[in-house]
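Below are the chains, spelled out letter by letter.
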Amino acid sequence: MSPNPSHHDRPQISVQALCKRFPGADRPTFNDVWFDIYPGEFVCLIGHSGCGKTTMLNILAGLDRASAGAVIVDGKEVVGPSLDRAVIFQSHALLPWMTVLGNIAFAVRSKWPDWSREKVEEHCRRYIELVHLAGAEGKRPVQLSGGMKQRVGIARALAIQPQILLMDEPFSALDALTRGSLQDEVVAISAASRQTTFMITHDIDEAVLLADRIVLMTAGPDARVAEVVENTLPRDRTRQSLHRLPGYYAVRNHLLDFLVERPRALPSDPRHPPTLRIGDAPDASSPVRIRA
Amino acid sequence: MQSSLNARAGLLSAALLAVFLIAWQVAVSGHGATAKMDPEYAALMGKTATQGTSAMPGPVQIGERLVTLLRDPFYDHGPNDKGIAIQLGWSLLRVLLGFGLAVIVAVPLGFFIGMSPLLRQALEPFIQILKPISPLAWMPLALYTIRDSSQSAIFVIFICSIWPLLINTAFGVGSVRREWLNVARTLEVTGWRMATRVVLPAAAPTIMTGMRISIGIAWLVIVAAEMLVGGTGIGYFVWNQWNNLSITDVIIAILLIGLVGMALDQLLGWIGRHLGYAE
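Sequence positions are assigned chain by chain, starting from 1 and proceeding in written order. Following the order in which they are written, the chains are lettered starting with A and the ligands numbered starting with 1. Per-residue local features are limited, in this predicted model, to residues with pLDDT of at least 70; the limit for side-chain atom pairs, both in listing and counting, is 80 or more; totals at the level of whole chains, interfaces and linings are taken over all residues. Note that water and hydrogens are dropped before the side-chain values are worked out from all heavy atoms of the structure.

Participant: I'd love a proper account of the environment of isoleucine 46 of chain A, names of residues and values included.
Facilitator: Residues and elements named next belong to chain A. In this text, helices come from DSSP runs of H or I with a minimum length of four residues, and strands from runs of E with a minimum of two, each type numbered from the N-terminal end. Relative to the helices and strands, isoleucine 46 is located in strand β3 (residues 42-46). Residue classification places isoleucine 46 among the buried positions, given a relative accessible area of 0%. Sequence separation between isoleucine 46 and threonine 201 is 155 residues, and the spatial gap between their C-alpha atoms is 5.7 Å. Relative accessible area decides the class of each residue, using a 1.4 Å probe on protein chains only: under 20% of the type maximum gives buried, over 50% gives exposed, and in between gives partly exposed.

Next comes the structure, spelled out in structure tokens:
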């Protein structure tokens with residue numbers, strides 16, 4: 001097992017006492033949310049619909065503002081969007097009047113406005129190849145399948161070489177086969193780049209496959225972090241081998257139970273939600289609590 | 001199936017046209033000489049009274065006259081006798097000038113109205129009051145202030161073109177999808193680049209619809225405006241030929257007005273399809 005990122009580092013993203021109350025709502029959607037993401041880590045956030053997952057990602061991206069609390073990235077508070085934080089949107093959000101190459105080049109030129117046309121194009125082609133879309137450069141989004149569109153979205157986000165990658169249920173609109181092959185690619189890209197990534201999902205298997213740590217939210221309103229599950233499965237896990245790994249079912253069942261039981265019980269200290277390591281022992285049936 | 005539908009529709013169109021033309025020809029042709037009339041009186045009364053022939057020309061006469069008019073469309077024999085293409089050209093020029101001016105004013109203004117909810121609400125009552133005013137009602141005011149009949153006609157085209165353009169541009173710009181704006185914001189795109197690369201392309205189909213509506217109205221209005229201001233143009237031609245009691249020329253002008261209007265609409269539709277995008 002490769003070592004997990006050291007938690008003695010300073011967190012790259014620090015979510016502190018975050019609260020969002022929508023106008024007209026009497027209770028905040030989520031409140032007093034705390035968690036950290038360390039450099040190179042892949043963190044998934046799982047929660048019921050309505051607990052404000054997308055809102056939270058938008059606040060991390062700088063597209064939305066928190067009602068209270070703050071998001072600190074690399075020691076600075078997030079006050080607006082930044083090219084250092086790329087977003088992969090649930091709806092792929094490609095600009096339909098631009099080609100595949102045009103969509104990616106639009107992002108690349110935003111990051112490096114001084115680059116020559118040739119340099120921009122060469123850079124774009126590299127990322128188009130990375131997501132296996134070579135040959136589709138001149139196509140418009142309408143000519144692409146859902147999976148291909150999301151590949152373009154991934155290439156666009158990676159092409160600006162961000163410090164942090166934010167993904168909002170990027171595969172939820174895709175069919176199971178397409179989703180699987182895209183997850184494989186994210187595994188490969190993520191393993192190669194050790195990119196700090198924060199992803200929202202409601203797919204447990206996706207979280208277990210991709211995440212180093214999984215943040216579990218209680219149901220909204222007044223949602224908070226219930227616990228953080230550390231993924232102890234080996235780093236080189238793949239979609240094909242995942243379900244044969246010892247400890248996989250322990251983690252999976254734990255997450256599933258969490259989602260099914262819809263716990264509303266709040267952790268005693270929202271600032272330090274319990275961190276669980278599940279599945280270290282092959283037959284672990286009860287989670288081992290290492291930090292409370 | 002589609003091609004057979006097209007063929008059948010075309011056939012039906014041709015049949016309807018043929019029936020209409022035949023009925024027209026039959027309706028206007030004479031019913032023989034009217035019995036027993038003093039020849040001098042008959043000569044005074046003309047064929048309408050003497051042979052029962054209608055003063056309304058038939059399709060054959062129209063066709064013959066159309067060929068004559070189109071054989072030499074560009075002649076100019078003084079202010080009251082110009083080729084039909086010259087008259088149409090003047091009308092088109094006025095429409096394009098007035099419409100072009102309206103585009104120059106309305107697209108940027110509509111852009112700002114669309115971007116700013118404050119501006120939108122503040123200008124809403126003005127637009128709502130100005131929009132339903134018949135463009136011809138502006139004519140006396142235009143003649144008084146501009147003191148030039150041709151320019152007044154252009155102003156009337158401008159004022160009737162501007163409202164659909166303004167409203168559609170503001171609506172198109174105001175309803176650009178949030179996700180597209182969010183993509184641009186995460187890429188730190190602002191200002192001019194945001195306007196030209198994201199907002200305007202996204203709003204282009206709505207703006208083009210506004211242009212298509214505007215040019216349609218402008219072409220409707222120019223005929224009436226030129227009847228008022230006189231001088232040149234297809235509207236003036238219609239009125240002049242009415243004064244000459246040349247119903248044939250009036251009918252030909254009506255036909256040409258329809259054809260040019262259709263061509264303008266198709267042209268803007270074609271441009272719109274090229275500026276638009278499929279999702």
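Moving on from the coordinates now.
Participant: Outline the pairing of strand β4 (residues 68-73) of chain A, listing residues and values.
Facilitator: Every regular strand shows the same layout, with side chains that alternate between the two sheet faces. Residues and elements named next belong to chain A. Paired strands are those between which DSSP finds at least two bridges. Sheet analysis places strand β1 (residues 13-20) next to β4, joined by five bridges and oriented antiparallel. Its bridge partner lying in β4, cysteine 19 is registered against alanine 68. The pairing of β4 with strand β5 (residues 76-77) spans two bridges and is antiparallel. Residue pairing across strands places isoleucine 72 opposite glutamate 77, the latter belonging to β5. Hairpin connection from β4 to β5: two residues lie between these consecutive antiparallel strands, with aspartate 74 at a positive phi of about 50°.

Participant: Could you give an account of the interface of chain B and chain A, naming the residues involved and the relevant values?
Facilitator: Counting residues at the interface gives 17 residues for chain B and 21 residues for chain A. Here the quantity called buried area is the total loss of accessible area, with a 1.4 Å probe, experienced by two parts when brought into contact, counted for both. Taken together, both faces of the contact between chain B and chain A bury some 1,900 Å²; the carbon and sulfur share is 68%. Here, a salt bridge means any Lys or Arg side-chain nitrogen found within 4 Å of an Asp or Glu carboxyl oxygen. In this structure, the connection of chain B to chain A is made through zero salt bridges. Here a polar contact is recorded for every N or O atom pair within 3.5 Å, except that within protein the pair must consist of a potential hydrogen donor and a potential acceptor, and residues adjacent in sequence are included only if both atoms are side-chain atoms. Joining chain B to chain A, the criterion identifies six residue pairs in polar contact (both at pLDDT 80 or more). At the level of secondary structure, the elements contributing two or more residues to the side of chain B that touches chain A comprise α9 (178-186) and α10 (191-229) of chain B. Each residue belonging to the side of chain B that touches chain A can be placed in one class, and the counts come to nine nonpolar, two polar and six charged. Residue contacts are defined here by distance: any two heavy atoms, one from each residue, within 4.5 Å place the two residues in contact. Classification convention: Asp, Glu, Lys, Arg as charged; Ala, Val, Leu, Ile, Met, Phe, Trp, Tyr, Cys, Pro as nonpolar; all other residues, Gly among them, as polar.

Participant: Can you break down helix α4 (residues 59-71) of chain B residue by residue, with the values?
Facilitator: Residues and elements named next belong to chain B. Under the convention used throughout, the expected extent of a helix is 1.5 Å for every residue step, that is, one less than its residue count. Taking 1.5 Å as the rise per residue, α4 with 13 residues should run 18 Å; its terminal C-alpha atoms sit 18 Å apart, in good agreement. Along α4, the residues that are buried comprise Pro59, Ile62 and Leu69. One face of α4 carries all of its buried residues, which in axial projection span an arc of 80°. Facing away from the buried side of α4 by more than 90 degrees, the exposed set consists of Glu64 and Arg71. What the arc measures is the spread of directions leading from the helix axis to the C-beta atoms.

Participant: Please set out the environment of tryptophan 239 of chain B residue by residue, giving values where relevant.
Facilitator: Residues and elements named next belong to chain B. Of note, tryptophan 239 is situated in helix α11 (residues 234-243). Accessibility expressed as a relative area gives 41% for tryptophan 239, which makes it partly exposed. Spatially, the C-alpha atoms of tryptophan 239 and glycine 276 are 40 Å apart, while their sequence positions differ by 37 residues.

Participant: Lay out the domain arrangement of chain B with the relevant residues and their values.
Facilitator: Residues and elements named next belong to chain B. Domain ranges listed in this record stem from an automatic or a database domain assignment. The domain boundaries assigned to chain B delineate domain 1 (2-71) and domain 2 (84-275). Averaged C-alpha coordinates put domain 1 and domain 2 at centres separated by 37 Å. For the domain 1 and domain 2 pair, buried surface summed over both sides reaches about 760 Å², with 84% attributable to carbon and sulfur atoms. Residue aspartate 249 pairs with arginine 65 through a salt bridge whose shortest N-O separation is 2.6 Å. Connecting domain 1 to domain 2 are one residue pair in polar contact (both at pLDDT 80 or more). Taken together, the residues of the side of domain 1 that touches domain 2 break down into seven nonpolar, one polar and one charged.

Participant: An account of unusual backbone geometry is requested, with residue identities and associated values reported.
Facilitator: At arginine 194 of chain A, a residue that is not glycine, the phi angle is positive and equals roughly 45°. On the basis of relative accessibility, which here comes to 33%, the residue arginine 194 of chain A falls in the partly exposed class.

Participant: Residues and numbers for the packing of aromatic side chains, please.
Facilitator: To pair, rings of Phe, Tyr and Trp, with the six-membered ring standing in for Trp, must have centres within 6.5 Å; the planes then decide the type, stacked if under 30 degrees apart, edge-to-face if over 60, and tilted in the middle. Summed over the entire model, instances satisfying the criterion amount to 10 aromatic pairs over all chains. Ring centres of tyrosine 248 of chain A and tyrosine 249 of chain A lie 4.8 Å apart, and the angle between their planes is 70°; this geometry places the pair in the edge-to-face category. Consider the rings of phenylalanine 111 of chain B and phenylalanine 112 of chain B, whose centres lie 6.0 Å apart with planes at 90°: the pair is edge-to-face. Among the aromatic residues, those joined into a cluster by ring pairs are Trp97 of chain A together with Trp180 and Tyr277 of chain B.

Participant: Give a description of the pairing of strand β8 (residues 196-201) of chain A that names residues and reports values.
Facilitator: All names here are of chain A. By the criterion of burial, β8 is predominantly enclosed, with six of the six residues buried. Residues Thr196, Phe198 and Ile200 of β8 are buried on one face, and the alternating residues Thr197, Met199 and Thr201, pointing to the opposite face, are buried as well. Inspection of the sheet shows β3 paired to β8 by five bridges, in the parallel sense. Counterpart to valine 43 in the pairing with β8 is phenylalanine 198. The pairing of strand β7 (residues 164-168) with β8 spans five bridges and is parallel. Pairing of aspartate 168 across the sheet is with isoleucine 200, part of β8. Crossover handedness is defined by viewing with both strands directed away from the observer: a clockwise path from the first strand over the helix to the second marks the crossover as right-handed. In this region the chain leaves β7, passes through helix α5 (residues 176-193) and returns to the parallel neighbour β8; the handedness of that crossover is right-handed.

Participant: Kindly report on the nonpolar core, identifying the contributing residues and their values.
Facilitator: Put simply, a nonpolar core is a bunch of buried Ala, Val, Leu, Ile, Met, Phe, Trp, Tyr and Cys residues held in one set by side-chain atoms that sit within 4.5 Å of each other. Phe35 and Phe198 of chain A are the most contacted members of the largest nonpolar core, which has 158 residues in total. Sorting elements by how many residues they give to this core places α10 of chain B first, with 17 residues. Looking at this core, you find at least three residues from each of domain 1 (2-71) and domain 2 (84-275) of chain B. For phenylalanine 35 of chain A, the residues in contact, after removing those within four places along its chain, are Ile13, Ser14, Val15, Leu45, Met56, Phe198, Val215 and Val225 of chain A.

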